[in-house]
Amino acid sequence: MSRHLERLLQLDTLIRSNYRYTVESLAKAVERSDRTVRNDLAFLRDRLGAPLLYKKAKGYHYTDPDWRLPSITLSQGELFALTLGARMLESYAGSAYAEELRGAIARLAERLPEQSWVDLQQLANENVLFRVGAQLDLDPEVWQVLETACQLRQRVLMRYYTAGRNEETERKLDPYLLHFTRNNPYVTGFCHRRQAILWFRVDRVRSIQLLKERFEVDPMFDRQKHFEDVFQHEVGEQAHEVAIWFDAQTAPYIRERRWHPTQSIEEEVDGALVLRMTVRGLNELKRWVLFYGKGAIALEPPELVELVREEVTQMKVLYEGASHGSD
């Protein structure tokens, strides 16, 4: 935003307040000279058509309070999309951008006719519902430190909770980028403890400190290739050729989505199919296969087959010996 436009917006806000502003008090409020403010007021009146008037009893004011500064022309559909986009971002980002979004929407509302904004908000709130599942406990300060670290290429020291091992560890991280995957916030970067590029759930960062040490992104890190190799959100070190069979009842749900950039589908005569893809990491795949129950069978690689078999065996033991809820 240009300094001139920013100053005009400041003056517009001040003029709409109930305070009796003169040229001198406006100049003091925006920290500019009386002459600059006089030129700005003339610009508002003569170039932008502001119904601007000065009276000793009221100071500078608009004779038509519904007048708004000219803004970028947007269709109703574009405004609707902007409103929904803001709501969607707030839903998926947890609390990280909530305050900034509310402020941005409030400033937008000030530039629109009141009735148009009311109608738009009512349409968006009543006709479209966002349901994103369980809410995250995302600390905005942690997110903002990581934003700064990514932008300035500064190393961070963080205390991280690993849910699978139920433990906290201290790690130095070179944060490459922030992203949302399957509604969860992640930071991807070089972990000095593991000497590897890893993903970390941002909501599992217990504490974080921005260090003075700078870093350079590994020139071998290919962002596009990195995310293509990942299945859902597991980052493994070794690539695996995977094959999973789905029965005829489950197959339609597999066909209707593209699960991975490398996938191919082999159709069978009875309506079943085999999904093949090349991915790194097998634990997430194991959970995915189990999600479809008897409708899916892991075929390759042998490591995946064994992971699923072991999980099913342990589940069988637990259910056969389960006494929860019984008399």
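Everything below is about the structure shown above.
The model shown is predicted, which means the values in this text are computed figures rather than measured ones.

### Description of the sheet that holds strand S9 (residues 264-267)
Alright, step 1. The strand order across the open sheet built from 4 strands is S9-S10-S8-S11, with neighbouring strands paired in antiparallel fashion. The sheet is open, and its two edges are formed by S9 and strand S11 (296-300), each paired on a single side. Strand after strand, the sheet turns through a mean of 25 degrees between neighbouring axes, direction not considered.
Alright, step 2. Where S9 meets strand S10 (residues 273-280), 4 bridges bridge the pair, whose relative direction is antiparallel. Bridge pairing in S10 places Glu 267 opposite Leu 273.
Alright, step 3. Across the face of the sheet, helix H11 (residues 302-320) comes into contact with strand S8 (239-246) and S11 while running at roughly 145 degrees to S11.

### A few points about the pairing of strand S2 (residues 59-62)
Looking down a regular strand, the side chains alternate between one sheet face and the other.
Alright, step 1. Of the strand pairs in this sheet, strand S1 (residues 52-55) and S2 are connected by 4 bridges, and their pairing is antiparallel. The partner of Leu 53 across the bridge, within S2, is His 61.
Alright, step 2. Between the end of S1 and the start of S2, which pair antiparallel, lie 3 residues.

### A look at helix H10 (residues 283-291)
Alright, step 1. Buried within H10 are the following residues: Glu 284, Leu 285, Lys 286, Trp 288 and Val 289.
Alright, step 2. Looking at the buried side of H10, the elements it contacts are S8, helix H9 (251-255), S10, S11 and H11.
Alright, step 3. Backbone geometry just downstream of H10 places Gly 293 in the positive-phi region, at approximately 55 degrees.

### Observations concerning helix H3 (residues 34-47)
Alright, step 1. In this model H3 runs 19 Å from its N-terminal to its C-terminal C-alpha over 14 residues, within 8% of the 20 Å that 1.5 Å per residue would give.
Alright, step 2. Restricting attention to buried positions, one finds in H3 the residues Val 37, Asp 40, Leu 41 and Leu 44. Projection of H3 onto a plane perpendicular to its axis shows the buried side chains occupying an angular sector of 95 degrees, all on one side. Residues of H3 that are exposed and angled more than 90 degrees away from the buried face: Arg 35, Asp 46 and Arg 47.

Rules used in this analysis
- Residues numbered from 1 in each chain as written.
- Predicted model: local features only at pLDDT ≥ 70, side-chain atom pairs only at ≥ 80, totals over all residues.
- Heavy atoms only, no water.
- Pairing = 2+ DSSP bridges.
- Helix = DSSP H or I, 4+ residues; strand = E, 2+ residues; numbered from the N terminus.
- Axes fitted to C-alpha atoms, helices over the stretch in contact; angles between N-to-C directions.
- Contact = heavy atoms within 4.5 Å.
- Buried < 20%, exposed > 50% of the residue type's maximum accessible area, 1.4 Å probe, protein only.
- Expected span 1.5 Å × (residues − 1).
- Arc of directions from axis to C-beta.

Interpretation in functional terms is not warranted from these geometric data alone.
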